[in-house]
Amino acid sequence: MAKQLQPQQALESAVHCLQTGNLKAADKHCRSVLRSLPQEANALHILGAIRLRQNDPENAIKFLTRARAGDPANGEILTNLGAAHRAAGRPDQAVEVLHQAISLASENPSAYFNLANAYVDVGNNDMALQTYRQVIELVPNHISAHGTVAQILRDAGDTDGALHEFEILDTLAPDTPETLNAIAVLHAGSGRLETAEGFLRRAVSLSPDNHEFASNLANILARTFRTDEALTLYQGALDNTPNDPDLLCNVGNAVSHRGDNHEAVQKYQRALEIDPDHVDAHAGLANNLLADGQFANGWKHFLRRTSVLAIASHIDRAPFASDLDGTRVTVIADQGLGDQVFFARYIPALKARGARVTFQPDPRIADMLRRAGIADEIVPAETPADGDVVVSSGDLPFLLGSEDVDPTPVPYEIPVLTEREEILRSKLTAFGPPPWVGVTWRAGTPNMRQALLKEAPVALFASALRDAPGTVIVVQRDAAEGETDRFTAALGRPVLDLSALNEDIEDLLALSGLLDRYVGVSNTMTHLRAARQKSSDVIVPRPAEYRWMNTGAASPWFPETKIHRQMPDGTWSQAFDGLSASLKD
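Only a predicted model underlies this, so the values are computations on that prediction, with no experimental measurement involved.

(A) Quick look at the pairing of strand β4 (residues 389-392). Neither face of β4 is exposed, since Val 389 and Val 391 on one face and Val 390 and Ser 392 on the opposite face are all buried. Examined bridge by bridge, strand β1 (residues 328-332) and β4 share four bridges and lie parallel to one another. Residue pairing across strands places Ile 332 opposite Ser 392, the latter belonging to β4.

(B) Local environment of the packing of aromatic side chains. Across all of its chains, the model carries 18 aromatic pairs by this definition. Arranged with centres 5.5 Å apart and planes meeting at 85 degrees, the rings of Phe 295 and Trp 557 form a pair that is edge-to-face. With Phe 295 in helix α18 (residues 295-302) and Trp 557 in the loop between β11 (537-540) and β12 (562-565), this residue pair connects regions lying 262 residues apart in the sequence. The pair formed by Phe 295 and Trp 557 is uniform in burial state, with each residue classed as buried. We classify Trp 557 as buried; its relative accessible area is 0%. A cation sits over an aromatic face here: Arg 345 above Phe 558, 5.1 Å from the ring centre.

(C) Quick look at the nonpolar core. Core analysis: the largest hydrophobic core is formed by 90 residues, its most contacted members being Leu 18, Ile 46, Ile 50, Tyr 132, Phe 166 and Tyr 234. Sorting elements by how many residues they give to this core places helix α7 (residues 109-122) first, with seven residues. In contact with Ile 46, not counting residues within four places along its chain, are Leu 11, Ala 14, Val 15, Leu 18 and Cys 30. One finds Ala 286, Ala 375, Leu 424 and Leu 515 within the second-largest nonpolar core, a separate group that totals 65 residues.

(D) Representation of the sheet that holds strand β9 (residues 496-497) in the model. Sheet architecture is open: six strands sit in the order β9-β8-β5-β10-β11-β12, paired in parallel fashion. The open sheet is flanked by β9 and β12, the only strands paired with a single partner. The pairing of strand β10 (residues 517-520) with β11 spans two bridges and is classified as parallel. Bridged to Val 519 within β11 is Asp 537.

(E) Molecular detail of the sheet that holds strand β3 (residues 377-378). Read across the sheet, four strands follow the order β3-β2-β1-β4 without closing on themselves; strand pairing throughout is parallel. Across the chains shown, the open sheet's two edge strands, defined by having one partner strand only, are β3 and β4. Two strands pair when backbone bridges link them, and strand β2 (residues 356-360) and β3 are joined in this way by two bridges, in the parallel orientation. When the sheet's bridge partners are listed, Thr 358 is paired in β3 with Glu 377.

Parameters at a glance
- Residues numbered from 1 in each chain as written.
- Predicted model: local features only at pLDDT ≥ 70, side-chain atom pairs only at ≥ 80, totals over all residues.
- Heavy atoms only, no water.
- Buried < 20%, exposed > 50% of the residue type's maximum accessible area, 1.4 Å probe, protein only.
- Helix = DSSP H or I, 4+ residues; strand = E, 2+ residues; numbered from the N terminus.
- Pairing = 2+ DSSP bridges.
- Phe/Tyr/Trp six-rings, centres within 6.5 Å; stacked < 30°, edge-to-face > 60°.
- Lys NZ or Arg CZ within 6 Å of the ring centre and 35° of its normal.
- Core = buried A, V, L, I, M, F, W, Y, C linked by side-chain atoms within 4.5 Å.
- Contact = heavy atoms within 4.5 Å.

This is the structure in structure tokens:
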């Protein structure tokens, strides 16, 4: 017969077995202790820890509660009890117990870490971040704490903070593919595609069978017009998951970049057969169809744009009747300021059917649209919607029926505030002689897929404008640090930087009419120029935004505007040669 261990010896053996993962033996030793000492707190604590490891939180709580009664000042017991409450789905109780644990053991990193996790569970990310940082103060190399901080910051949109934490993770645990991928996505989302590519190639080399990493790398390759290499990576992933709508959508994006619009449409349609609610597939399909002049079907898919998803259940989406006499229609705005100005051009067709129309745009443009007389009433967007029918401005083309109205109504005129115009005229005159040429080179924000980002190289704009007569005025919103200085140096002469006017749309409207020429990517200034009955020279990156169509030198929505297109291989020479020639007209 085996010799019976004394309680202290049995406890020591139980601890050793727990540490080495022999849970069955640890359980046996603890039960032998409890036979002689039924309330022995250490034995109960170990049994609770065993149940916690066995994913049995309810029984863990029973043992740990008994252990706490026997040793109420033991912070370790409270730490495990808090972890058990969290595992049992009671994070509020976990927070309470873990605070008590920390009051007893203020330098216990496990207590802080479990408390931070519980704060995440209850949705208090601010307290979670604060508590994870306390963990890091105690254990600077705590990989899990750094990792969770990075994820919280990333999800909160703090790209720089998240990137810093992920880079620390890469130092603590080098060559972890998931970390490399996360770093790459953040760099790509900030427009640093070359840096992102380097991290993704490392991730793919370490984990060649991970289709997410390969697809992310392919996205960057496609965006930088290395379409064949991108398609090879996509195909490798599709061979394993042929019905993955994300991959099919990514392939559609890739071939759309190089101008294979018919194939792109097929890929988006296939993605939607698998997932009818796939937002990116609807967006890609809508843009391709509209840019190809297939307005009826294109506007139908445009209904699924992300800017309206949150309110889709609260607006009317049935096509309008031909006779709306006496119907009160409230049009609420979605998307950016330029889009709000653009879609308001469909309101006259709605009024022509007899509707009384109230438009609710962004307050920043309410007064100017009121002066334009585009609707019967203009009220700010925050006003509660009141009407027989409530619709979104971006839905108007579909609701009106592209076969029943002109699918491309011309711009309407927005009168300028004369005093604003005169102040700006004096500023322009004081700086330099006409012709006054405005320029921007970017619109939208960088992101992983570069969707909605319109950008062309700053140096090429400077080169095209170098020999143009007159004065150059920069109106670039959110220019990167030093970007305008680099443009000025490349241009070879001083520029008037009026980028701050983007903060006041009335000033921007006034400037738009004073400029003799405007060159840039499609943005709010383009819409304001049209509202002042002025033309522009627009540089159109690939794939073309629907307003600029897939082909042609002009847009049906902006018939007086000259289009200069990026080539299917990604080169810009033809576009900027055309711009240079246009500036000499």
